[in-house]
Amino acid sequence: LVTRKERLDEVISILTKESIVVFDVETTGTDVWSDKIVGHVLSATDADIHFYIPTDHCDKTINQLDRDYVAEKLRPIYESESIEFIAHNSKFDIAMLRNNFEIDLRNLMWDTMEAQFLLNENEPTYALKPLATRYLRDNSYTYGDLFGNSGFHEVPLKEALAYAAKDGDITYKLYKFQEHHMKKVGNTYDSFTSVEMP
């Protein structure tokens, strides 16, 4: 849980050395035009560290950094040409970053939701937690199971950290699972990386 400027600087130093970073933004809701980002999830895959940087939670028991300060500090990471990014349902996160802070993610290399469309067009759901439960054998509760209809800003920070960090972890594991299986099936991997992802 990153709540101090000094720790944020350390996180940025770690992320700068990474070749692949998993990212996610936590928000007040799912409307890309009216909802706002309340925290950033970033996973350093080589270092195997999962960070949650809250900015606008209602939980006042722990100090949080200013949202604009965090966004500007993270801008060089998100807009880096040397870091490749992985996300689940990246279209939402990319739109939120653009609409909230005019940040343009530069180097998306894998979206686990899009990859699952290609691997199995008959999934009952493409939500992250059911996919992790089914394919990674990692029993994972959905957002609704845990928090109901609450916005993420209403979730206490200790629970928010656990939820957000797990998102980063299982997204990376799902990516590795998908990559492995795509490479076994004809030209699926090449099609995904050269057609679907662009």
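What this report covers is the structure whose coordinates are included nearby. (Residues numbered from 1 in each chain as written. Predicted model: local features only at pLDDT ≥ 70, side-chain atom pairs only at ≥ 80, totals over all residues. Heavy atoms only, no water.)

**Focus: the sheet that holds strand 2 (residues 37–44)**
Each strand in a sheet pairs with another by means of backbone hydrogen bonds, the pair being arranged parallel or else antiparallel.
For step 1, the next point in the chain: Strand order in the open sheet formed by five strands is 3-2-1-4-5, and the pairing between neighbours is mixed. The open sheet has two edge strands, strand 3 (49–54) and strand 5 (108–111), and neither has a second partner. Recorded for the sheet is a direction-independent mean angle of 25° between the axes of neighbouring strands.
For step 2, the next point in the chain: Where strand 1 (residues 20–27) meets strand 4 (residues 84–87), three bridges bridge the pair, whose relative direction is parallel. Note on strand 4: the bridge partner recorded for Val21 is Phe85.
For step 3, the next point in the chain: Contacting strand 1, strand 2, strand 3 and strand 4, helix 2 (residues 67–78) runs over the sheet at an angle of about 35° to strand 2.
For step 4, the next point in the chain: Each of strand 4 and strand 5 touches helix 4 (residues 112–119); the most contacted strand, strand 5, lies at about 55° to it. (Pairing = 2+ DSSP bridges. Helix = DSSP H or I, 4+ residues; strand = E, 2+ residues; numbered from the N terminus. Axes fitted to C-alpha atoms, helices over the stretch in contact; angles between N-to-C directions. Contact = heavy atoms within 4.5 Å.)

**What about the packing of helix 2 against helix 3 (residues 90–101)?**
For step 1, the next point in the chain: One way to put it is that helix 2 packs onto helix 3 with a least axis distance of 11 Å and a crossing angle of 125°. One element, helix 2, and the other, helix 3, form an angle in the oblique class. Along this stretch, helix 2 crosses helix 3, giving a crossing that reads as left-handed. On the side of helix 2, the interface is formed by Arg67, Asp68, Ala71, Arg75 and Tyr78, while helix 3 contributes Leu97, Asn100 and Phe101.
For step 2, the next point in the chain: Within the contact of helix 2 with helix 3, the residues separate by chemical class into four nonpolar, one polar and three charged. (Parallel < 35°, antiparallel > 145°, perpendicular 65-115°, else oblique. Left-handed = near helix turned anticlockwise from the far one by under 90°. Nonpolar A, V, L, I, M, F, W, Y, C, P; charged D, E, K, R; others polar.)

**Describing the pairing of strand 5**
For step 1, the next point in the chain: Both strand 4 and strand 5 contribute to a ladder of three bridges, which runs parallel. When the sheet's bridge partners are listed, Ala87 is paired in strand 5 with Asp111.
For step 2, the next point in the chain: The parallel pair strand 4 and strand 5, bridged by helix 3, forms a crossover whose chirality is right-handed. (Right-handed = clockwise from strand over helix to strand, strands pointing away.)

**A closer look at the side chain of Thr45**
For step 1, the next point in the chain: For Thr45, the location among the structural elements is in the loop between strand 2 and strand 3.
For step 2, the next point in the chain: When neighbours within four sequence positions are excluded, Thr45 is seen to be in contact with Glu18, Ile20, Val22 and Tyr172.

**What about helix 2?**
For step 1, the next point in the chain: Listing the buried residues of helix 2 in full gives Arg67, Val70, Ala71, Leu74, Arg75, Ile77 and Tyr78. Viewed along the axis of helix 2, the buried residues span an arc of 160°, placing them on a single side of the element.
For step 2, the next point in the chain: Next to the buried residues of helix 2 lie helix 1 (5–16), strand 1, strand 2, strand 3, strand 4 and helix 3.
For step 3, the next point in the chain: Sitting at the amino-terminal end of helix 2 is Asp66, which places a side-chain oxygen 3.1 Å from the backbone nitrogen of Asp68. (Buried < 20%, exposed > 50% of the residue type's maximum accessible area, 1.4 Å probe, protein only. Arc of directions from axis to C-beta. Polar contact = N/O pair within 3.5 Å; in protein donor to acceptor, adjacent residues only side chain to side chain.)

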